[in-house]
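Each chain, written out:
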Amino acid sequence: MSLWFAVVLAGIGTYLLRVSLIAVIHRFQVSARVEDAMRLIAPAVLAALVANGLLLSAGGLRPLDTWHAAAVVAAAIAWWTRSVGWTLAGGMAALWLFQLVA
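Residues numbered from 1 in each chain as written. Predicted model: local features only at pLDDT ≥ 70, side-chain atom pairs only at ≥ 80, totals over all residues. Heavy atoms only, no water.

Let's talk about the overall build of the protein chain
Looking only at helices and strands, the protein chain features five helices and two strands. Mapped in sequence order, the helices and strands of the protein chain form the string α-α-α-β-β-α-α. For 102 residues, the compact-globule formula gives about 13 Å, and the C-alpha radius of gyration of the protein chain, at 19 Å, lies well above that figure. Each principal axis of the C-alpha distribution contributes one length, and for the protein chain these read about 50 × 45 × 25 Å. (Helix = DSSP H or I, 4+ residues; strand = E, 2+ residues; numbered from the N terminus. Rg over C-alpha atoms; globule rule 2.2 N^0.38 Å.)

Details of the pattern of salt bridges
Scanning the entire structure with this criterion turns up two salt bridges. Between D65 and R62 there is a salt bridge, with its nearest N and O atoms 3.2 Å apart. (Salt bridge = Lys/Arg side-chain N within 4 Å of Asp/Glu carboxyl O.)

A closer look at the side chain of T87
With respect to the helices and strands, T87 occurs in helix 5 (residues 84-101). Judged by relative accessible area, T87 falls into the buried class, the value being 17%. Setting aside its immediate chain neighbours within four residues, T87 contacts A74, I77, A78 and T81. (Buried < 20%, exposed > 50% of the residue type's maximum accessible area, 1.4 Å probe, protein only. Contact = heavy atoms within 4.5 Å.)

Overview of unusual backbone geometry
Its identity as a non-glycine residue notwithstanding, A58 has a phi of 55°, on the positive side. Within the element layout of this structure, A58 appears in the loop between strand 1 (56-57) and strand 2 (60-61). Overall, the relative accessible area of 85% leaves A58 in the exposed class. A positive phi angle, near 60°, is found at R82, a position not held by glycine. Its location among the elements puts R82 in the loop between helix 4 (66-81) and helix 5. Given the relative accessible area of 66%, R82 is considered exposed.

This is the structure:
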């Protein structure tokens, strides 16, 4: 089996799994507790990705650098605006600026 065939097959498989859930979810009654838990999935995944990027680099701990300074700026923007979009945009702009200056 070629690599491209395996990639396309995996893509089709994951797409079908996602579509199947969307197609049949309206048939089931989801409790309010499950809906509340589902609202927390995206922030938890984003926090895990950010923590991984800030703490680890090449299999070891990341030394303090521009990433950490940009994370402080992003955290301040998040606290002030309560907006994911502004937080991501401001944090990325801060990272670019700090990397340009450093």
